[in-house]
Amino acid sequence: MAIQPVKGLWWNEPLHRMELIWIFIAFLWGVVMFSAMIYWHIAGQQNLSNEAYRIDPEVFAAKAEAMTEQYQIGEEGDTGVPVVHPPPGSDVYMIARLWEWWPVLEFEKGQSYRLHLSSMDWQHGFSLQPVNINVQVHPNYDLVLTITPDEAGEYTVVCNEFCGIGHHTMVGKIRVVEKQ
Ligand code: CUA
């Protein structure tokens, strides 16, 4: 004996008005959120002007070393890490490797630089504090950020991608000084 539904086409009744209104509100909200995504991408001023190229770690290291040799102005405390003051407008290199950011960079306020980032080993996370600029740094990729620091001061580069036993010690520096 087959069981008959109480009412024949119970699933085919007209929508209640309240349900229809809620479906419409949900749809409208979906459209608003979707538009906000596109709008904020264009108007939110949060997109980094970055480019990425393939590069061998050795080639990148050679460029960073050449820059350091040419524009080194000292050493960072007793760490032995060179401090480099590259000319405004130039290509600047920062190496990420287990477990340091190399070298320490010194920029002039209001000047633009092309900051190249790459890893010598595996993935690291470049997190510039306290301005909170975050990008992923990979081996074999040269990530270029065009930057114009607008405030003098000392910025800390923190690795925010877990990279092993020394991850928490992987801290670097970028200093921004007044125009010279
Ligand atoms: Cu490099 Cu964590």
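Now for a look at the structure at hand. The model shown is predicted, which means the values in this text are computed figures rather than measured ones.

**Things to note about the pattern of salt bridges**
Then, in step 1: Taken as a whole and judged by the stated rule, the model has 7 salt bridges.
Then, in step 2: When the shortest N-O distance is used, the salt bridge between R114 and D91 registers 3.2 Å. In this pair, R114 sits in strand β7 (residues 113–119) while D91 sits in strand β4 (residues 91–97), placing the two residues 23 residues apart along the sequence.
Then, in step 3: Where K173 meets E154, a salt bridge forms, and the shortest distance between an N and an O atom there is 3.7 Å. Of the two residues, K173 sits in strand β12 (residues 171–177) while E154 sits in strand β11 (residues 153–159), which places them 19 residues apart along the sequence.
Then, in step 4: Using a relative accessible area of 44% as the deciding quantity, one classes E154 as partly exposed.
Then, in step 5: Taken together, the salt bridges that share partners define one network made up of E76, E154, K173 and R175.

**Re helix α1 (residues 17–43)**
Then, in step 1: Along its 27 residues, α1 runs 38 Å from first to last C-alpha, staying within 8% of the 39 Å computed at 1.5 Å per residue.
Then, in step 2: One or two steps after α1, the chain reaches Q45, where phi turns positive at roughly 50°.

**Quick word on the sheet that holds strand β10 (residues 141–147)**
Then, in step 1: Pairing in this open sheet of 5 strands is mixed, and the strands run β1-β10-β7-β4-β5 from one edge to the other. Looking at which strands have only one partner, the edges of the open sheet turn out to be β1 (50–54) and β5 (100–102). Within the sheet, the average angular offset between the axes of one strand and its neighbour, ignoring direction, is 25°.
Then, in step 2: In this sheet, β7 lies alongside β4 in parallel orientation, the contact comprising 6 bridges. Residue pairing for β7: V92 is matched across the bridge by L115.
Then, in step 3: Of the strands in this sheet, β4, β5, β7 and β10 are in contact with helix α2 (residues 57–71), which crosses β4 at around 125°.

**Quick word on the nonpolar core**
Then, in step 1: Membership of the largest hydrophobic core comes to 34 residues, with the highest contact counts inside it found for M94, W101, L105, L115, L117, F126 and I174.
Then, in step 2: Looking at this core element by element, the count peaks at 5 residues for β4.
Then, in step 3: In this structure L105 touches M67, V84, V92, Y93, M94, L115, K173, I174 and R175, once residues within four positions along its chain are discounted.

**Quick word on the environment of P130**
Then, in step 1: Structurally, P130 can be placed in the loop between β8 (124–129) and β9 (133–137).
Then, in step 2: Residue classification places P130 among the exposed positions, given a relative accessible area of 66%.
Then, in step 3: Each C-alpha atom, one on P130 and one on H41, is 23 Å from the other, the two residues being 89 residues apart in sequence.

**Side note on the sheet that holds β11**
Then, in step 1: Ordered in space as β2-β3-β6-β12-β11-β8-β9, the 7 strands form an open sheet in which the pairing is mixed. Bordering the open sheet on either side are β2 (72–76) and β9, each of which pairs with just one other strand. Within this sheet the neighbouring strands show an average axis-to-axis angle of 25°, counted without direction.
Then, in step 2: Looking at chain direction, strand β3 (residues 81–84) and strand β6 (residues 104–108) are connected through 2 bridges and run parallel. In the sheet register, V84 faces β6, and the bridge partner there is L105.

**Let's talk about the packing of aromatic side chains**
Then, in step 1: Counted under the stated rule, the structure contains 4 aromatic pairs.
Then, in step 2: Ring centres of W101 and F126 lie 5.7 Å apart, and the angle between their planes is 85°; this geometry places the pair in the edge-to-face category. Of this pair, W101 sits in strand β5 while F126 sits in strand β8; the two residues are 25 residues apart in sequence, bridging distant segments of the chain.
Then, in step 3: You can call W101 buried: its relative accessible area is 3%.
Then, in step 4: Classification of F126 as buried rests on a relative accessible area of 1%.
Then, in step 5: Aromatic pair F107 and Y113: ring centres 4.3 Å apart, planes at 25°, arrangement stacked. As far as burial versus exposure is concerned, F107 and Y113 are alike and both buried.

Reading the values: rules and limits
Residues numbered from 1 in each chain as written. Predicted model: local features only at pLDDT ≥ 70, side-chain atom pairs only at ≥ 80, totals over all residues. Heavy atoms only, no water. Salt bridge = Lys/Arg side-chain N within 4 Å of Asp/Glu carboxyl O. Helix = DSSP H or I, 4+ residues; strand = E, 2+ residues; numbered from the N terminus. Buried < 20%, exposed > 50% of the residue type's maximum accessible area, 1.4 Å probe, protein only. Expected span 1.5 Å × (residues − 1). Pairing = 2+ DSSP bridges. Axes fitted to C-alpha atoms, helices over the stretch in contact; angles between N-to-C directions. Contact = heavy atoms within 4.5 Å. Core = buried A, V, L, I, M, F, W, Y, C linked by side-chain atoms within 4.5 Å. Phe/Tyr/Trp six-rings, centres within 6.5 Å; stacked < 30°, edge-to-face > 60°.

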